[in-house]
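# Analysis of the macromolecular model
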Amino acid sequence: MSSITLLQNATVLDVQSGSLLPHRRVVIQNGRIERLEPMQADAPEARAAGVRVLDLRGQTLLPGLIDAHVHVLAWTANLRELYNASPHYNALRAAEIMHEMLMRGFTTVRDAAGADFGLKRAVEEGLLVGPRLFICGRALSPTGGHADSRAAGEQALETVSTPVAFGTVVDGVPEVRRAAREEIRRGADHIKLMLGGGIASPTDRLTNDQFSREEIRAAVEEAEMADLYVMAHTYTARAVNRALECGVRSLEHCNLIDESSLQLFLKHKAWMVPTLVTYQALAQEGVSAGLPREVEHKIYLVLDKGLAALEMASRAGVNLAYGTDLLGAMHRRQLEEFVIRAQVQPNLEVIRAATLYAARLLRAEGQLGVVAPGAHADLIAVEGNPLEDIRVLAHPERHLKLVMKGGTVHHQAM
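Going along each chain's sequence as written, the residues are numbered from 1 onward. Thresholds applied to this predicted model are a pLDDT of at least 70 for local features of residues and 80 or more for the giving and counting of side-chain atom pairs; totals over whole chains, interfaces and linings are not thresholded and use all residues. Where side-chain values are given, they derive from all heavy atoms of the structure, hydrogens and water being excluded.

### Some thoughts on the sheet that holds strand β6 (residues 65-70)
Put simply, the rule reads: Following DSSP output, two strands are said to pair if at least two bridges run between them. Helix numbers and strand numbers start at the N terminus; a helix is a DSSP run of H or I with at least 4 residues, a strand a run of E with at least 2. Angles here are taken between N-to-C directions and fall from 0 to 180 degrees, while the axes themselves are lines fitted to C-alpha atoms, restricted in helices to the stretch in contact. Any two residues whose heavy atoms approach within 4.5 Å at even a single point are treated as in contact.
Ordered by their spatial adjacency, three strands build an open sheet running β6-β7-β8, and the pairing between neighbours is parallel. The open sheet is flanked by β6 and β8 (132-134), the only strands paired with a single partner. Geometrically, the sheet is characterised by an average inter-axis angle of 20° between neighbouring strands, direction not taken into account. Alignment of β6 against strand β7 (residues 106-111), held across four bridges, turns out to be parallel. Residue pairing for β7: Asp 67 is matched across the bridge by Val 109. Together, β6, β7 and β8 form the strand contacts of helix α2 (residues 87-103), whose direction differs from that of β7 by roughly 135°.

The structure is reproduced here in structure tokens:
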């Protein structure tokens, strides 16, 4: 039996044109948008038995939000705790984190290391209420790289949570190929490489390059043979440029890029996913959230650089998607990225980064990130106009009135 929902009197934000369409009716059937039409049109479904009708008068309807850089397993900022916790405990904490993401309006997230096929299946089967989940499984890291959580004096790699850990340590082209193939076999939607130093990793410098060009190209080739792509953790211009030259499609963070990076982004039609809110959060509460104090100093090497990098990339026309990269208790700040980016970008561009553009990055154009016939009925309604005031999206406790994923209402405050 088909399921029909009518959203009446909606002011629809068309993220493609950037315009508001007032007095619209959205007809949803079997989890997808069937029609978008003016309210004056007759809707024969409105007279049918069992049809659900929701009146959105005074509210703005827009696509469900997409966060293209999350770690749904990261219930603490101390990643060593994750490696040593029971996989079952980690999964339950991930379920909690994902439910909270959905309640903020994120109907899709791309996990950047940690989530596996089991979590994705649990979402798809409705065992776990959360956003649609795109996964890479374990990130690939060289010895001593960003996903190598060992302190200088430790030798053992294996822990209780190794099968679902954030990363796997591999060295040399054959190991990289085998590891990439393993994640592809386990259902990865993309492959993640650690190509530079990171904040949370104990033994690398932020300015390190990680993996040789031959190793990077091997991972890119394996991903492309599977019709997937590679995303990479990078900060410096050198790390970003090496990745772009080797065929990496999605570059994360990128706080320390320069003009040479911009030209390569444009040449290769690659994507940049800044994660600005995480540095503010880490600076303000990272240690209290579990970040080891001995790596805290790394935050300040990138804290004040990210916004300038975003502004440069935006002006140059680089493909940009919305990401947050938050850990532990800091996940609650997921929507603050809107306000930060709006300091240097028009509100519409920030919204597109979390809808239309992010869907393109995920290769789900037309399916996600738009309010249009044929798309999944992943929708949110807010009180106010986010084109005029981006803070409408940043304060769900006041403004978020509806969260719908696949035609199912998960939050309603009307």
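Having seen it, we continue.
### With respect to the state of the cysteines
Such a bond, covalent and formed between the sulfur atoms of two cysteines, is termed a disulfide. The test is simple: The disulfide criterion used throughout: a pair of cysteine sulfur atoms within 2.5 Å.
One pass over the structure, following the stated rule, counts zero disulfides. With no disulfide of its own, Cys 254 lies closest to Cys 246 among cysteine sulfurs, the gap being 15 Å.

### Concerning the nonpolar core
In plain terms, the rule: Among buried residues, the Ala, Val, Leu, Ile, Met, Phe, Trp, Tyr and Cys ones that are joined through side-chain atoms within 4.5 Å form a nonpolar core. The buried label applies to any residue whose accessible area, calculated with a 1.4 Å probe on protein chains only, is under 20% of its type's maximum; exposed applies above 50%, and partly exposed to all values in between.
Counting 137 residues, the largest nonpolar core has Leu 7, Val 72, Leu 251 and Phe 338 as its most contacted members. Those residues in contact with Val 72, other than ones at most four positions away along the chain, are Ala 94, Ile 97, Met 98, Met 101, Val 109, Asp 111, Ala 115, Leu 119 and Leu 133.

### Here we look at the packing of helix α6 (residues 237-245) against helix α7 (residues 259-268)
Rules: Note on terminology: angles under 35 degrees are roughly parallel, angles over 145 are roughly antiparallel, angles of 65 to 115 are roughly perpendicular, and the others are oblique. With the far helix as reference, a near helix turned anticlockwise by less than a right angle produces a left-handed crossing, and one turned clockwise produces a right-handed crossing. For this classification, the nonpolar set comprises Ala, Val, Leu, Ile, Met, Phe, Trp, Tyr, Cys and Pro, the charged set comprises Asp, Glu, Lys and Arg, and every other residue, Gly included, is treated as polar.
Their axes nearest at 9 Å, the elements α6 and α7 cross at an angle of 20°. One element, α6, and the other, α7, form an angle in the roughly parallel class. The interaxial crossing formed by α6 with α7 has left-handed handedness. When α6 is examined against α7, the residues Ala 237, Val 240, Asn 241, Leu 244 and Glu 245 are found in contact with a partner set consisting of Ser 260, Ser 261, Leu 264, Phe 265 and His 268. Grouping the constituent residues of the contact of α6 with α7 by class yields five nonpolar, four polar and one charged.

### Focus on the packing of helix α4 (residues 173-185) against helix α5 (residues 213-225)
The contact between α4 and α5 brings their axes to 9 Å, and the two run at 30°. With respect to α5, the element α4 is oriented roughly parallel. Judged by the twist between their axes, the crossing of α4 over α5 is right-handed. Of the residues in α5, those touching α4 at Val 173, Val 176, Arg 177, Ala 180, Arg 181 and Ile 184 are Glu 214, Glu 215, Ala 218, Ala 219, Glu 221, Glu 222 and Ala 223. A per-class count over the contact of α4 with α5 returns seven nonpolar, no polar and six charged.

Geometry only, nothing functional implied.
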